[in-house]
Amino acid sequence: MAWSMAVLAYSSSEPMLDAIAASAIARCAEFQARELSSTAWSFATLQVFHDPLFQAISCAALMRMADFEPQAIANTLWSLAALEISDVQLISALSAAARRTLDAEHSPLGSWRPLELSSTVWAVAVLQVDDKPLLQSICAAALWSLSAFDSRSLANTSWAIATLAYSAEPLM
């Protein structure tokens, strides 16, 4: 329901969002990684910060971090950045998960799509995460797939690398 509201950009129903948040909080422990990230993404897209909901998402996500795939990692980091949530423990765990999945890729891009790479590096820049190994892994994956990046992904990736003052010479 929250995802639908976010896609439709319908946020004028605060009672509905509160009810969705209350239901999600009660069930977060049952959610899979994708459901956790979709819930976070939905509320962030609607620009609605619901502290108890994000605390429940954080707790559940930390318990399921091994199940987080690129889309869930990227969407959750993007959500934290979009709402300027500085959950250091969750950000650190998501960064480690991103490094793990990027470094384990058997093909140049593997399962990380350009949008996920650019969203992740954008979020890292907004959240001011100091994680050089993660940036190295993202840049290495991006080098293999630059032709697949659209203009927005290229702009966001360039902005993030410049903002973090990261020297990615082959990329820049």
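Residues numbered from 1 in each chain as written. Predicted model: local features only at pLDDT ≥ 70, side-chain atom pairs only at ≥ 80, totals over all residues. Heavy atoms only, no water.

Caption draft 1: Main features of unusual backbone geometry. The residue Gln128 is not glycine, and still its phi comes out positive at about 55°. Looking at the secondary structure, you find Gln128 in the loop between α7 (114–126) and α8 (132–145). For Gln128, a relative accessible area of 67% gives the class exposed. At Ala165, a residue that is not glycine, the phi angle is positive and equals roughly 55°. With respect to the element layout, Ala165 can be found in the segment after α9 (151–163). (Helix = DSSP H or I, 4+ residues; strand = E, 2+ residues; numbered from the N terminus. Buried < 20%, exposed > 50% of the residue type's maximum accessible area, 1.4 Å probe, protein only.)

Caption draft 2: Highlighting empty space enclosed by the protein. Summed over the entire model, instances satisfying the criterion amount to one cavity of 30 Å³ or more. In this structure, the largest cavity encloses a volume near 50 Å³. Forming the boundary of the largest cavity are Ala40, Phe54, Ile57, Ser58, Thr76, Ser79, Leu80, Ile85, Asp87 and Leu90. Elements supplying a minimum of two residues to the lining of the largest cavity: α4 (51–63) and α5 (70–82). (1 Å grid on protein atoms, 1.4 Å probe; cavity = no way out; pocket = protein on both sides within 12 Å on 5 of 7 lines; lining within 4 Å. Points joined across faces, edges and corners; volume = space filled by probe spheres on them.)

Caption draft 3: How the structure looks around the environment of Leu115. The residue Leu115 is located in helix α7 in this model. When its relative accessible area of 56% is taken as the criterion, Leu115 is described as exposed. Each C-alpha atom of the pair Leu115 and Phe149 lies 7.4 Å from the other, and the pair is 34 residues apart in sequence.

Caption draft 4: View of the pattern of salt bridges. Using the criterion set out here, one finds four salt bridges in the structure. Across the salt bridge formed by Arg113 and Glu116, the nearest N and O atoms sit 2.6 Å from each other. The partner of Lys132 in a salt bridge is Asp130, with the nearest N and O atoms 3.6 Å apart. (Salt bridge = Lys/Arg side-chain N within 4 Å of Asp/Glu carboxyl O.)

Caption draft 5: Broad picture of α9. The first and last C-alpha atoms of α9 sit 18 Å apart over 13 residues, in line with the 18 Å expected at 1.5 Å per residue. Every buried residue belonging to α9 is among Ser153, Thr157, Ala160 and Ile161, and all of these are buried. Buried residues of α9, viewed axially, fall in a sector of 95°; they line one side. In α9, those exposed residues whose orientation departs by more than 90 degrees from the buried face are Ser151, Arg152 and Ala162. Close packing links the buried residues of α9 with α7 and α8. At the C-terminal side of α9, Ala165 shows a positive phi close to 55°. (Expected span 1.5 Å × (residues − 1). Arc of directions from axis to C-beta. Contact = heavy atoms within 4.5 Å.)

Caption draft 6: Region of the structure containing the packing of α4 against helix α6 (residues 88–103). Orientation of α4 relative to α6, taken along the N-to-C sense of each, is 35°, at an axis distance of 10 Å. Between α4 and α6 the crossing geometry is left-handed. The segment α4 lies against α6, with Ser58, Ala61 and Leu62 engaging Gln89, Leu90 and Ala93. Looking at the contact of α4 with α6 residue by residue, the class counts come to four nonpolar, two polar and no charged. (Axes fitted to C-alpha atoms, helices over the stretch in contact; angles between N-to-C directions. Left-handed = near helix turned anticlockwise from the far one by under 90°. Nonpolar A, V, L, I, M, F, W, Y, C, P; charged D, E, K, R; others polar.)

Caption draft 7: Structural view of the side chain of Thr120. Following the sequence through the fold, Thr120 ends up in helix α7. Classification of Thr120 as buried rests on a relative accessible area of 0%. One polar contact links the side chain of Thr120 to the main-chain carbonyl oxygen of Glu116, over a distance of 2.7 Å. Apart from residues no more than four positions distant in its own chain, Thr120 is found in contact with Ala74, Leu77, Trp112 and Ile138. (Polar contact = N/O pair within 3.5 Å; in protein donor to acceptor, adjacent residues only side chain to side chain.)

Caption draft 8: Layout of α8. Look at α8: 20 Å from first C-alpha to last across 14 residues, which is about the 20 Å you get at 1.5 Å a residue. Residues of α8 that are buried: Leu134, Leu135, Ser137, Ile138, Cys139, Ala141, Ala142 and Ser145. Elements that come into contact with the buried residues of α8 comprise α6, α7 and α9. For α8, the N-terminal cap is Asp131; the gap from its side-chain oxygen to the backbone nitrogen of Leu134 is 3.0 Å.

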